[in-house]
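# Chain and residue survey
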Amino acid sequence: MTTAVAPSAPLTAADRCDRCGAQAYLRVELQTGGELLFCAHHAREHGEKLKEIAANVVDETHKLSGTSAIATDES
């Protein structure tokens, strides 16, 4: 049996940070299921831990300043 996973919908102004309620720019889909939403500030603050528990990360912080909140290993 194969399970298809639908791609995440883009974040909107209605999506709010789970820590502070600001507009969310990062969606973390967890390995255990479910998701967490973060503003750019909290995404940067918790970035390393989020990488450890994430199955997928949708980072739309580029909408703010052209940079991502969670740095990738790519140069």
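Read on for a plain summary of the structure. As the structure is a prediction and not an experimental result, all values here were calculated from the model. (Residues numbered from 1 in each chain as written. Predicted model: local features only at pLDDT ≥ 70, side-chain atom pairs only at ≥ 80, totals over all residues. Heavy atoms only, no water.)

## Comments concerning the sheet that holds strand β3 (residues 54–59)
Pairing between sheet strands relies on hydrogen bonds along the backbone, with the strands arranged either parallel or antiparallel. Put simply, the rule is: The pairing criterion for strands is at least two bridges between them, as found by DSSP. Strands here are runs of E lasting at least two residues and helices are runs of H or I lasting at least four, both read from the DSSP assignment and numbered beginning at the N terminus. Think of each axis as a best-fit line through the C-alpha atoms, taken over the contacting stretch in the case of a helix, with angles from 0 to 180 degrees between the N-to-C directions.
Spatially, the 3 strands line up as an open sheet ordered β2-β1-β3, and their pairing is antiparallel. Every interior strand has two partners, whereas the edge strands, β2 (35–38) and β3, have only one. Each strand axis lies, on average, 15° off the axis of its neighbour in the sheet, ignoring direction. Relative to β3, strand β1 (residues 26–30) is paired through 5 bridges, and the arrangement is antiparallel. Counterpart to L30 in the pairing with β3 is A54.

## Points about the pairing of β2
With 4 bridges connecting them, β1 and β2 associate as antiparallel partners. Each residue of the ladder has a partner; that of R27, found in β2, is L37. Taking the residues that link successive antiparallel strands as the turn, the β1-β2 hairpin has 4 residues, and the phi of G33 there is positive, at about 100°.

## A few points about the nonpolar core
What counts, and what does not: Remark: nonpolar core denotes a set of buried residues (Ala, Val, Leu, Ile, Met, Phe, Trp, Tyr, Cys) joined through side-chain atoms within 4.5 Å. The classification of residues rests on relative accessible area computed with a 1.4 Å probe and restricted to protein chains. Under 20% of the type maximum is buried, over 50% is exposed, and intermediate values are partly exposed. For this analysis, residues touch if any pair of their heavy atoms sits within 4.5 Å.
Listed in full, the 9 residues of the largest apolar core are C17, L26, V28, L30, F38, C39, A43, L50 and A54. Elements that contribute at least two residues to this core include exactly β1 and α1 (40–53). Tallying contributions element by element places β1 first for this core, with 3 residues. Setting aside chain neighbours within four positions, we find V28 in contact with G34, E35, L36, F38, L50, A54 and N56.

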